Amino acid sequence: MSETLHRPAPAPHAETVPHGLATPAYVYDLALVRSAHQRLRAWLPEPSELYYSLKANPHPDVVAALHALGCRAEVSSPGELDAALTAGVPARDILYTGPGKRDEDLHKALTAGVRDFAVDSAFGIGQLDRAAARHGVHVTYLLRVNPGGGSRGAGLRMTGDPSAFGADAQDIAAHPGRYTGGEHARIDGLHLYLATNITDEQALGDSFSEAVAVARTLREALGVPLRTIDLGGGFGAPYARAGDLPDYPGLADRLAGELDEALPGWRHNAPTVAFESGRYLTATCGQLLTRVLDVKDSHGQRVVVLDTGINHLGGMAGLRRVPPLHPDVVRPATDSAPTADAAEPPGPAMICGPLCTPLDTWARSHPLPAVAPGDLLAVPNTGAYGLHASLVLFLGHPAPLEVVTDSGRVLRSDRMTFVRRPADS
Ligand SMILES: *Cc1c(COP(=O)(O)O)cnc(C)c1O
């Protein structure tokens, strides 16, 4: 299915809604992906590589747009690997990560031609080495590091939080021989991923400073050449709320200075410095469109029931997990015919989805304009951790449409389906 707008392409703006769209629908605008990418690149020291973490949004068109801009793909499951390959990302541009990998996952990745992995333990290195040997190939890996509590500038601390992610920096420093690899899988560098969704420039800079300090210490301890230092990410973005991406105007200079000290040679890619982002690159490209199914008064509270809920957005919040979700539900600028009185000021409403569970509640009391059944509403900034972080199978509603636009022009519109098949097929 494809449709064209019956009006000139408007300037990129997430509130642009394709005309007459079935709901619920996620709309991802590629022009907004490109502008977010351009913005993020401006905050990063040069030269550096940037990985797009498919976890945030593995839609192939989004992945393809970012790959066309030079992003490599960070995948951590067979499904994300398929998404990257479907998007046209060549295997050489894929980094396969994740704290637990089945042998068949590695087999699939190696068969596809992936040669760069991240590993989280000494066992993971052996597993990868054996898998590469079975394939008769040589691969490299980034060793993910769990730095332990705050090692900023002062060597490695003994204490830290237990985690599935990474090998303890302390253990790497004490037993470097366990971590440099075997005959078929050799260490290529370090993978540090210390933070997520930090909007404050100082705090984000501090997190990278810690990563740089750990990398410097471990580089010396490991005593083998490291070609890549992946400093991870942590770039913030609004989630299901109105708002803009944060700016980090001083970050590149601060980091460049610290890298000159800690990893001289980085300016000539010795080592190559890499960063990762999911949400910064994609959060603002997306909006979730929904229609009002019912409005009623319940014990003095206005209750609004939508045609989408935690099955399509915020499943993690629905399970009382992070992040808590209090989405802004707004009337899109292009919705010309609201049936309720649009002049009425927003008032509090309980905002529910259609699922038969009280968990399907986005907000118990949230400002919402006057709405009536049939009205079109939008949740802004849902391009990251939207559909793919939700409970799509729960209660068996169809997956929402996913519509890809470019500056408002519809390029593609489809939906995922789930099919039961015999186990051996
Ligand atoms: C989740 C994840 C990311 C992306 O995080 P964002 O907050 O979306 O930028 C990057 N790298 C790793 C290793 C991750 O697990």
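Please read all numbers here as calculations on a predicted model, not as lab measurements.

Thoughts on unusual backbone geometry
The residue after Glu46, namely Pro47, is reached through a cis peptide bond having omega 0°. Positionally, Pro47 belongs in the loop between helix 1 (30-43) and strand 2 (49-53). In this structure, Pro271 follows Ala270 across a cis peptide bond, with omega equal to 5°. For Pro271, the position within the fold is in the loop between helix 8 (251-262) and strand 10 (272-277). A positive phi is found at Asn197, a non-glycine position, where the angle reads about 55°. With respect to the helices, strands and loops of the structure, Asn197 is situated in the loop between strand 8 (185-191) and helix 7 (201-222).

Here's the deal with the packing of helix 1 against helix 2 (residues 60-68)
Working note: a packed helix pair is described by the angle between its axes plus the distance between those axes. One way to put it is that helix 1 packs onto helix 2 with a least axis distance of 10 Å and a crossing angle of 40°. The orientation of helix 1 with respect to helix 2, classified from their angle, is oblique. Judged by the sense of rotation from one axis to the other, the crossing of helix 1 with helix 2 is right-handed. The residues of helix 2 that touch helix 1, namely those facing Leu30, Val33 and His37, are Asp61, Val62, Ala65 and Leu66. Split into classes, the residues belonging to the contact of helix 1 with helix 2 amount to five nonpolar, one polar and one charged.

Some thoughts on the side chain of Ser48
Mapped onto the secondary structure, Ser48 falls in the loop between helix 1 and strand 2. We classify Ser48 as buried; its relative accessible area is 11%. For Ser48, the side chain forms a polar contact with the side chain of Arg41, separated by 2.7 Å. Of note is the side chain of Ser48, whose polar atom sits 2.6 Å from the backbone oxygen of Pro45. Leave out the neighbours within four places in its chain, and Ser48 touches Arg41, Val273 and Phe275.

Here we look at the pairing of strand 3 (residues 72-75)
Side chains Arg72 and Glu74 of strand 3 all project onto a buried face; the interleaved residues Ala73 and Val75 project onto the opposite face, where all are buried too. Taken together, the three bridges between strand 2 and strand 3 define a ladder with parallel strand orientation. Bridged to Tyr51 within strand 3 is Arg72. Where the polypeptide runs from strand 2 across helix 2 and back to strand 3, its parallel neighbour, the crossover connection is right-handed. Handedness of the crossover joining strand 3 and strand 4 (residues 94-96) through helix 3 (residues 78-86) is recorded here as right-handed.

Brief notes about the site of the ligand
In the neighbourhood of the ligand, the contacting residues comprise Ser53, Lys55, Glu74, Arg144, His191, Tyr193, Thr196, Glu276, Ser277, Gly278, Arg279 and Tyr385. Within the side chain of Thr196, a nitrogen or oxygen atom sits 2.7 Å from an oxygen atom of the ligand. Interatomic distance of 2.4 Å between a side-chain N/O atom of Glu276 and a nitrogen atom of the ligand. Isolated, the ligand exposes 380 Å² of accessible area, and the fraction of that covered by the protein chains is 92%. Of the residues in the shell around the ligand, the class split is two nonpolar, five polar and five charged.

Considerations on the confidence of the model for the protein chain
Overall, the predicted model of the protein chain reaches an average pLDDT of 90, with 88% of residues at or above 70. Counted against residues more than four places away or in other chains, residues 1-15, with its pLDDT under 50, gives 29 contacts.

Structural notes on the environment of Pro327
By the secondary structure assignment, Pro327 is in the loop between helix 10 (315-318) and strand 13 (347-352). According to the relative accessible area criterion, Pro327 is buried, its value standing at 1%. Sequence separation between Pro327 and Tyr239 is 88 residues, and the spatial gap between their C-alpha atoms is 7.8 Å. For Pro327, the contacting residues outside a window of four places in its chain are Ala240, Arg241, Trp362, His366 and Val379.

Definitions and cut-offs
Residues numbered from 1 in each chain as written. Predicted model: local features only at pLDDT ≥ 70, side-chain atom pairs only at ≥ 80, totals over all residues. Heavy atoms only, no water. Helix = DSSP H or I, 4+ residues; strand = E, 2+ residues; numbered from the N terminus. Axes fitted to C-alpha atoms, helices over the stretch in contact; angles between N-to-C directions. Parallel < 35°, antiparallel > 145°, perpendicular 65-115°, else oblique. Left-handed = near helix turned anticlockwise from the far one by under 90°. Contact = heavy atoms within 4.5 Å. Nonpolar A, V, L, I, M, F, W, Y, C, P; charged D, E, K, R; others polar. Buried < 20%, exposed > 50% of the residue type's maximum accessible area, 1.4 Å probe, protein only. Polar contact = N/O pair within 3.5 Å; in protein donor to acceptor, adjacent residues only side chain to side chain. Pairing = 2+ DSSP bridges. Right-handed = clockwise from strand over helix to strand, strands pointing away. Near = heavy atom within 4 Å. Areas by Shrake-Rupley, 256 points an atom, 1.4 Å probe, with all protein chains shown as cover. pLDDT = per-residue confidence, 0-100.

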